[in-house]
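# Structure assessment
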Amino acid sequence: MSRINKNVILALLTLTSSAFLLFQLYYYKHCLSPKNGTGSSKSKGNRIGFDSTQWDGWFQIAENMGFQCLKIESKDPRLDGIDSLSGTEIPLHYVCKLATHTIHVVFFHERSGNYLWHGHLRLQGHMDRKFVPFRKLQFGRYPGAFDRPELQQVTVDGLDVLIPKDPGHFLEEVPHSRFIECRYKEARAFLQQYLEDNTVDALAFRKRAKELLQLAAKTLQELGVPFWLSSGTCLGWYRQCSIIPYSKDVDLGIFIQHYKPDIILAFQNAGLPLKHKFGKVEDSLELSFQGKDDVKLDIFFFYEETDHMWNGGTQAKTGKKFKYLFPKFTLCWTEFVDMKVHVPCETVDYIEANYGKTWTIPVKTWDWKSSPPNVQPNGIWPISEWDEVIQLY
């Protein structure tokens, strides 16, 4: 293997680590800060993005060192479908090679949920796919989302570089960082066809639901319990990038293995009293908490079988049990109401299981016992267990 001067690598890494911090600060200040308005830039009028010419100097330094470099740039995915704002491209990945050595520079962009996002390493048609072994690069197969790390300066062989203060946490995030965007273009088309409900009541509900979701997320994160957007909340995110105003609740999913006995107490301490508790940990558990102004928080616990997953439902008056079947799914990050939250990666399969193939059409009348195409009877609770499995408050 060809040897390369260690100081050359460290010098470029120094530039890279500095770029990490400087770019996210620039992007936030000039492109996404509330002062300038989301989606605007003082230097670019109504256009969002980053002037990649600012990195020509970086490229020149790398090339002077003997590196060959490849730029991967694209428009901000949040501008998909807005032709008037889609011209400016942002840097996503720079890949530089020298002999058998490769340096992969990943640009992390700050998002409004106080997290960092990086884009997909997607090669354009004219790019050399043999430039480096792209499949071996750790970042870029999918877009990714990370907690915003606190950075610290360290010295390596006499060179000052920036690294996350908690490198272990950052590295643990890498294999679970996959990010999927809301479908902004389709959401705009949906709202043009069906018109967005901007009545006083709808706006008030969205505000309360957003506050409830943020409070629920904070409570579960403090407990260390992972969750995802489920049911109507997931549908609203995927279909219209917003909260469905007539849904009247917030829906979350949690895998049953992540259940903790102090969940109920934690929500009550957060100001959300328990409205009902159905089922039990080993079968069909469901919790509902009362938010402000009759906005409910429903938490559905999911159970995994050999070839599917399911959550349960209980009819309080009769003790009848129901089961909602879903194909197996994994979790990805997304952004919703200014938050980084989980959703099923296999979103379409998840939504179609719950709402059928006509999920793109709004349905305001919904019976939880019969409307979902994935619901099936699951027996009845013995009367002797009703005091345990049907608790109303």
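Since the model is a prediction, treat every value here as computed from it, not as a measurement.

### So, the overall build of the protein chain
What the protein chain contains, in helices and strands, is 9 helices and 19 strands. Residues classed as buried in the protein chain amount to 48% of the 393 residues present. Within the protein chain, contacts between residues separated by at least 24 positions form 64% of all contacts whose residues are at least 6 apart in sequence.

### Structural notes on helix 8 (residues 347–355)
Helical geometry note: an α-helix holds 3.6 residues per turn, so side chains three or four residues apart project in the same direction. Those residues of helix 8 that fall on the buried side of the exposure criterion are T347, Y350, I351, A353, N354 and Y355. Contacts made by the buried residues of helix 8 are with strand 9 (228–229), helix 6 (231–240), strand 13 (296–304), strand 15 (320–326) and strand 17 (339–344).

### Some details on helix 6
Within helix 6, 10 of the 10 residues are buried, leaving the element largely enclosed by the surrounding structure. Taken residue by residue, helix 6 has S231, G232, T233, C234, L235, G236, W237, Y238, R239 and Q240 as its buried positions. Just beyond helix 6, the residue with positive phi is C241, at close to 55 degrees.

### Considering the state of the cysteines
Summed over the entire model, instances satisfying the criterion amount to 3 disulfides. C182 shares a disulfide with C241; S-S distance 1.5 Å. Since a negative S-S torsion denotes a left-handed disulfide, the C182-C241 link at about -85 degrees is left-handed. Of the two residues, C182 sits in the loop between helix 3 (167–173) and helix 4 (184–194) while C241 sits in the loop between helix 6 and strand 10 (249–255), which places them 59 residues apart along the sequence. Across the disulfide from C332 sits C345; the S-S distance is 2.0 Å. One quick way to see it: the torsion about the S-S bond of C332 and C345 is about 110 degrees, and its sign makes the bridge right-handed. Linking C332 in strand 16 (residues 331–336) with C345 in the loop between strand 17 and helix 8, this pair joins segments that are 13 residues apart in sequence.

### A short note on the packing of helix 6 against helix 8
Orientation of helix 6 relative to helix 8, taken along the N-to-C sense of each, is 130 degrees, at an axis distance of 10 Å. By the criterion of interaxial angle, the relationship of helix 6 to helix 8 is oblique. In this structure, helix 6 crosses over helix 8, and the sense of that crossing is left-handed. Seen from helix 6, the contacting residues are S231, G232, C234, L235, W237 and Y238; seen from helix 8, they are T347, V348, Y350, I351, N354 and Y355. Within the contact of helix 6 with helix 8, the residues separate by chemical class into 8 nonpolar, 4 polar and no charged.

### Topic: the packing of aromatic side chains
Across all of its chains, the model carries 25 aromatic pairs by this definition. A ring pair is formed by W237 and Y238, whose centres lie 5.4 Å apart and whose planes are at 45 degrees; its orientation type is tilted. Each residue in the set W228, F255, F302, F326, F329 and Y350 is aromatic and connected to the rest through ring pairs, giving one cluster. For the cation-ring pair, R178 lies above Y142, with the distance from its terminal atom to the ring centre recorded as 3.8 Å. The positively charged end of K248 is found above the aromatic ring belonging to F205, 5.6 Å away from the centroid.

### Observations concerning the environment of M309
Mapped onto the elements, M309 comes out in strand 14 (residues 309–314). Placed 54 residues apart in sequence, M309 and F255 show a C-alpha to C-alpha distance of 9.6 Å. What M309 contacts, discounting residues up to four positions off in sequence, is F255, Y303, E304, Y324, L325, F326, K328 and F329.

### Some details on the pairing of strand 13
Counting buried residues along strand 13, 7 of its 9 residues qualify, which places the element largely inside the surrounding structure. Here strand 10 pairs with strand 13 via 7 bridges, running parallel. Each bridged residue has a counterpart across the sheet, and for V250 the counterpart in strand 13 is L297. Across 5 bridges, strand 12 (residues 283–290) lies against strand 13 in antiparallel orientation.

### As for the side chain of T347
Along the chain, the position of T347 falls in helix 8. For T347, a relative accessible area of 4% corresponds to the buried category. Beyond its immediate chain neighbours, meaning those up to four positions away, T347 contacts I180, C234, W237 and Y238.

### Regarding the sheet that holds strand 1 (residues 68–75)
Read across the open sheet, the 3 strands follow the order 1-2-3; overall the sheet is antiparallel. At either end of the open sheet lies a strand with only one pairing partner, and these are strand 1 and strand 3 (101–106). In this sheet, adjacent strand axes meet at a mean angle of 15 degrees when their direction is disregarded. Across 6 bridges, the pairing between strand 2 (residues 89–98) and strand 3 is antiparallel. When the sheet's bridge partners are listed, Y94 is paired in strand 3 with V105.

### Concerning the sheet that holds strand 6 (residues 144–147)
The 3 strands are arranged 4-5-6 in an open sheet whose pairing can be described as antiparallel. Of all strands in the sheet, those with a lone pairing partner are strand 4 (109–111) and strand 6, marking the two edges. Averaged over all neighbouring strand pairs, the angle between strand axes comes to 35 degrees, with direction disregarded. Two strands pair when backbone bridges link them, and strand 5 (residues 115–118) and strand 6 are joined in this way by 4 bridges, in the antiparallel orientation. Looking at strand 6, one finds that Y115 is bridged to D147.

About the criteria used
- Residues numbered from 1 in each chain as written.
- Predicted model: local features only at pLDDT ≥ 70, side-chain atom pairs only at ≥ 80, totals over all residues.
- Heavy atoms only, no water.
- Helix = DSSP H or I, 4+ residues; strand = E, 2+ residues; numbered from the N terminus.
- Buried < 20%, exposed > 50% of the residue type's maximum accessible area, 1.4 Å probe, protein only.
- Contact = heavy atoms within 4.5 Å.
- Disulfide = S-S within 2.5 Å.
- Axes fitted to C-alpha atoms, helices over the stretch in contact; angles between N-to-C directions.
- Parallel < 35°, antiparallel > 145°, perpendicular 65-115°, else oblique.
- Left-handed = near helix turned anticlockwise from the far one by under 90°.
- Nonpolar A, V, L, I, M, F, W, Y, C, P; charged D, E, K, R; others polar.
- Phe/Tyr/Trp six-rings, centres within 6.5 Å; stacked < 30°, edge-to-face > 60°.
- Lys NZ or Arg CZ within 6 Å of the ring centre and 35° of its normal.
- Pairing = 2+ DSSP bridges.

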